[in-house]
Amino acid sequence: MMAPAATALGLELRVLAESDDVSAVPSVRHAPVGDYRSLEDLRGFAHGVDVLTFDHEHVPTEHLRALIADGVNVQPGPDALVHAQDKLRMRAAIDGLGLPNPRWAAVHHVEDLIAFGDATGWPIVLKTPRGGYDGKGVRVLRSAADAEECIDWFGTMSPLLAEEMVGFSRELSALVARTPGGEMRAWPVVHTVQVDGVCDEVVAPAPGLAPEVARAAQSAALEIAERLGVTGVMAAELFETPGRGPGFLINELAMRPHNTGHWTQDGSVTSQFEQHLRAVLGLPLGATDVLGDWAVMKNYLGGANQDLFSAFPAALAADPAAKVHSYGKGVRPGRKIGHVNLVGGPGSSPEDLRARASRVAAIIRDGASADHPAPPTAVPATTQENA
Ligand code: ADP
């Protein structure tokens, strides 16, 4: 999704691909296959590039330091990125900045975990500090007995992160961008709907969000970006907590274009993908205004339909204003394989846009059906005459 933005700016984008069938490969001219955990592969790939950046957070911190020692321009740098790689480092940094965290602790043994649950009140949430995504590595524990069952988790990683179970009203995301020179821009704070730990829908701006909470959330995200030296796009995922703290708590940070910013492709003057490129290259940032009153993004995950393209006639006919972004990934149950964006002008409502985007996404996920038939392939003569 960064490739069209690079093309428009006349930039050459290269991708270090995990294999030659990953979805980015057809979009760029140079996509050598390599392992992002291998310093040798990273060195070979980084040779001759102006800037090295990421679409996930899992490149080992020590490799990034070695690349910098080689003279590679790594953006964001490892000292910032570690806060998106390691949730314990992130929690400590948020405390250090005086920004609102849930109650949390680094736990080394099941006994620590039980003590935390007893002190905070059950249920609690246990997380692996590194390597998790889309809710993998997150578990809700309802009792000391549940905690005992997690003994194996300590065998693979220790310490782990324990958090209070936050009673939030909804989840929000504050998306910002920062250049190495310190220029920053923020998009409006959005409402993100998570299903089973996976981002499912986003509404921009977050409907009904109190202006003072929106301002505080945006300035918290900008402060994090500035104080941690973040470059590129950063998403601060938030829990909305009316009446507690500034009205939100920080869940986690992502330092890259993020699912909660996909709406910007069609709904903002500057998409997060273009902004990320501008930011890591130290170019002036683009405007972040919303191109309408509301923008909605709806993900589609792998479902019954194995041949997504066969559903396109029905899906695209269902709503000509819908913008479909398909990732070219193989269809597997629960895998994110695309999203639908819709932007609404004056008089539009977030509920209506959500329903429309969900309908298009459902047709692609489930396939055309009697409820959602494909349109006739030939245009009827009467329609041509009317046109
Ligand atoms: P990941 O890194 O896999 O995205 P997160 O830490 O964002 O994991 O957790 C995934 C989801 O689990 C969150 O979006 C939220 O819905 C829920 N969650 C995570 N932490 C808490 C918490 N402390 N209290 C309540 N819900 C939580």
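In this text, all values refer to a predicted model and were calculated from it rather than measured experimentally.

Caption draft 1: Seen up close, the site of the ligand. Taken together, 19 residues lie near the ligand, and Lys-87, Lys-127, Gly-135, Glu-163 and Glu-171 sit nearest. Here the ligand has 550 Å² of accessible area as a free molecule, and 90% of this is covered by the chains. Of all elements in the fold, only strand E2 (124-127), strand E4 (160-164), strand E9 (232-240) and strand E10 (248-254) reach the threshold of two or more residues within the shell around the ligand. A breakdown of the residues in the shell around the ligand according to their chemical character gives seven nonpolar, three polar and nine charged.

Caption draft 2: Geometry of the packing of aromatic side chains. Summed over all chains, the structure comprises two aromatic pairs. Judged by centre distance (4.8 Å) and plane angle (5°), the rings of Phe-168 and Phe-239 are stacked. Of the two residues, Phe-168 sits in the loop between E4 and strand E5 (170-178) while Phe-239 sits in strand E9, which places them 71 residues apart along the sequence. For Phe-168, a relative accessible area of 36% gives the class partly exposed.

Caption draft 3: The arrangement of the UniProt feature "domain: ATP-grasp" (unreviewed entry) in the chain in detail. The UniProt entry lists residues 91-281 under the feature "domain: ATP-grasp" (unreviewed entry), expressed in the numbering used here. Structurally, residues 91-281 comprises 30% helix and 30% strand, and the distance from its first C-alpha atom to its last is 29 Å.

Caption draft 4: Molecular detail of the nonpolar core. By size, the foremost hydrophobic cluster in this structure holds 41 residues, and its most contacted members are Leu-67, Ile-224, Met-234, Leu-238, Ile-250, Leu-253 and Met-255. Elements that contribute at least two residues to this core include exactly helix H2 (39-46), helix H3 (61-69), helix H4 (78-85), helix H5 (87-96), E5, helix H9 (211-227), E9 and E10. It is H9 that provides the largest number of residues to this core, a total of six residues. Once you skip the residues sitting within four places of it in the chain, Leu-238 turns out to touch Arg-170, Glu-171, Leu-172, Ala-174, Ala-217, Phe-248, Leu-249, Ile-250 and Asn-251. Counting 20 residues, the second-largest nonpolar core is a separate cluster that includes Val-203, Leu-308, Ala-315 and Val-331.

Caption draft 5: Local environment of the environment of Leu-99. Mapped onto the elements, Leu-99 comes out in the loop between H5 and strand E1 (104-107). Non-local contacts of Leu-99, meaning those with residues more than four positions away in its chain, are made with Ile-94, Ala-220, Glu-223, Ile-224 and Ile-250.

Caption draft 6: Structural detail: the UniProt feature "binding site: ATP" (unreviewed entry) in the chain. Within the UniProt annotation, "binding site: ATP" (unreviewed entry) is assigned to Lys-87, Lys-127, Glu-163, Glu-164, Met-165, Val-166, Glu-171, Asn-251 and Glu-252. Inspection of the secondary structure puts Lys-127 in strand E2. Of the residues examined, Lys-127 reaches a relative accessible area of 6% and is grouped as buried. Dropping the residues within four chain positions of it, Lys-127 is found in contact with Lys-87, Gly-137, Val-138, Trp-153, Leu-160, Leu-161, Glu-163 and Asn-251. Structurally, Met-165 can be placed in the loop between E4 and E5.

Caption draft 7: Focus on the pairing of strand E13 (residues 336-344). Of all nine residues that make up E13, eight are buried, and the element is covered over most of its length. Here strand E11 (residues 294-301) pairs with E13 via eight bridges, running antiparallel. Within E13, the position partnered with Met-297 by the bridge is Asn-341. As defined by bridge partners, strand E12 (residues 323-326) adjoins E13 across four bridges and the pair is classed as antiparallel. Paired with Val-324 across the bridge in E13 is Val-340.

Here is what the cut-offs are and how they apply
- Residues numbered from 1 in each chain as written.
- Predicted model: local features only at pLDDT ≥ 70, side-chain atom pairs only at ≥ 80, totals over all residues.
- Heavy atoms only, no water.
- Near = heavy atom within 4 Å.
- Areas by Shrake-Rupley, 256 points an atom, 1.4 Å probe, with all protein chains shown as cover.
- Helix = DSSP H or I, 4+ residues; strand = E, 2+ residues; numbered from the N terminus.
- Nonpolar A, V, L, I, M, F, W, Y, C, P; charged D, E, K, R; others polar.
- Phe/Tyr/Trp six-rings, centres within 6.5 Å; stacked < 30°, edge-to-face > 60°.
- Buried < 20%, exposed > 50% of the residue type's maximum accessible area, 1.4 Å probe, protein only.
- UniProt positions renumbered as here; feature names shortened; annotations may be inferred.
- Core = buried A, V, L, I, M, F, W, Y, C linked by side-chain atoms within 4.5 Å.
- Contact = heavy atoms within 4.5 Å.
- Pairing = 2+ DSSP bridges.

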